[in-house]
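Spelled out, the chains give:
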Amino acid sequence: MRMALRLAEKAKREGEVPIGAVVVLDGKVIGRGYNVRTRRQMATQHAEVRAIDSACRKLKSWRLEDAEIYVTLEPCPMCMGAILNARIERLYFGAYEQKGRSLTDALANANLLNHTVEVTGGILEEECADVLTSFFSEMRLREKAKKQPT
């Protein structure tokens with residue numbers, strides 16, 4: 001999770017929403033990613049998707065069975081779908097997404113899917129939440145400063 005946090009900090013320095021993700025297999029990092037959605041203007045450029053893509057290229061397979069993914073924020077529905085589709089075995093995330101917590105649990109354990117994923121949340125939760133909170137606080141201050149008359 002510490003590596004995912006470093007990737008989130010990198011995203012923050014680049015003006016992106018600070019989320020980082022790392023895919024691990026047999027104790028080795030096989031994929032990593034951070035958000036670049038704003039810079040690339042592509043809706044799918046989330047940390048999890050980029051980390052999964054990186055891991056798939058490394059293994060030359062779309063199946064990441066027995067792999068784990070560490071993410072600084074609870075995944076959105078798109079990213080949870082990618083995690084399930086890649087057959088990742090375990091998901092560890094830091095901060096809880098206040099808008100969609102129950103969705104992660106529902107998707108991870110849905111009987112209608114051909115794969116389920118073990119989910120553990122709250123890993124380094126405070127540190128993961130702090131990087132997001134500070135990013136959005138700084139962003140609001142910048143926006144407010146732009147609106148003030150000179």
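Above this text sits the structure in question.
Residues numbered from 1 in each chain as written. Predicted model: local features only at pLDDT ≥ 70, side-chain atom pairs only at ≥ 80, totals over all residues. Heavy atoms only, no water.

Participant: Please clarify how the overall build of the chain should be interpreted in this entry.
Facilitator: On a plain count of helices and strands, the chain comes out with six helices and five strands. Written out in order from the N terminus, the α and β elements of the chain read α-β-β-α-α-β-α-β-α-β-α. Taking 15 Å as the expected radius of gyration for a compact globule of 150 residues, we find that the chain reaches 16 Å, a close match to that expectation. Burial statistics for the chain: of 150 residues in total, 44% are counted as buried. (Helix = DSSP H or I, 4+ residues; strand = E, 2+ residues; numbered from the N terminus. Rg over C-alpha atoms; globule rule 2.2 N^0.38 Å. Buried < 20%, exposed > 50% of the residue type's maximum accessible area, 1.4 Å probe, protein only.)

Participant: Whenever I open this one, the pairing of strand 2 (residues 28-34) confuses me. Can you help?
Facilitator: Residues in a regular strand project their side chains so that they alternate between the two faces of the sheet. Inspection of the sheet shows strand 1 (residues 20-25) paired to strand 2 by six bridges, in the antiparallel sense. Across the sheet, the residue bridging to Val23 is Gly31, located in strand 2. Hairpin geometry of strand 1 and strand 2 is characterised by an intervening segment of two residues between the two adjacent antiparallel strands and by a positive phi of about 55° at Asp26. (Pairing = 2+ DSSP bridges.)

Participant: Would you mind going over the side chain of Glu16 with me for this structure?
Facilitator: Within the fold, Glu16 resides in the loop between helix 1 (2-13) and strand 1. Among buried Asp, Glu, Lys and Arg side chains, Glu16 stands out as unpaired, with Arg39 the closest opposite charge at 5.2 Å. One polar contact links the side chain of Glu16 to the main-chain amide nitrogen of Arg37, over a distance of 3.2 Å. Leave out the neighbours within four places in its chain, and Glu16 touches Ala11, Asn35, Val36, Arg37, Thr38, Arg39 and Phe135. (Lys, Arg positive; Asp, Glu negative; His and termini not counted. Salt bridge = Lys/Arg side-chain N within 4 Å of Asp/Glu carboxyl O. Polar contact = N/O pair within 3.5 Å; in protein donor to acceptor, adjacent residues only side chain to side chain. Contact = heavy atoms within 4.5 Å.)

Participant: What am I meant to see in the sheet that holds strand 2 here?
Facilitator: Strand pairing in a sheet is mediated by backbone hydrogen bonds. Such pairs are either parallel or antiparallel. What the five strands build is an open sheet, ordered 2-1-3-4-5; its pairing is mixed. Lying at the two open borders of the sheet, with one neighbouring strand each, are strand 2 and strand 5 (118-120). For this sheet, the mean angle separating the axes of adjacent strands, direction not counted, is 15°. In the packing of helix 6 (residues 125-147) onto the sheet, contacts are made with strand 3 (68-73) and strand 4 (90-95), and the angle to strand 4 comes to roughly 60°. (Axes fitted to C-alpha atoms, helices over the stretch in contact; angles between N-to-C directions.)

Participant: Sorry if this is basic, but what is going on with the packing of aromatic side chains here?
Facilitator: In this description, an aromatic ring pair is defined by two values, namely the gap between the centres and the angle between the planes. Taken as a whole and judged by the stated rule, the model has three aromatic pairs. Look at Tyr70 and Tyr92: their rings are 4.9 Å apart centre to centre, the planes differ by 15°, and that puts the pair in the stacked class. Residue Tyr70 is located in strand 3, and its partner Tyr92 is located in strand 4; the two are separated by 22 residues in the primary sequence. Here Tyr70 and Tyr92 have matching classes, each one buried. Ring centres of Phe93 and Tyr96 lie 5.0 Å apart, and the angle between their planes is 85°; on these two criteria the pair is classed as edge-to-face. The class for Phe93 is buried, based on a relative accessible area of 0%. Lying over the aromatic face of Tyr34, Arg50 brings its terminal NZ or CZ to 5.5 Å of the ring centre. (Phe/Tyr/Trp six-rings, centres within 6.5 Å; stacked < 30°, edge-to-face > 60°. Lys NZ or Arg CZ within 6 Å of the ring centre and 35° of its normal.)

Read these as layout, nothing more, since geometry by itself doesn't imply function.
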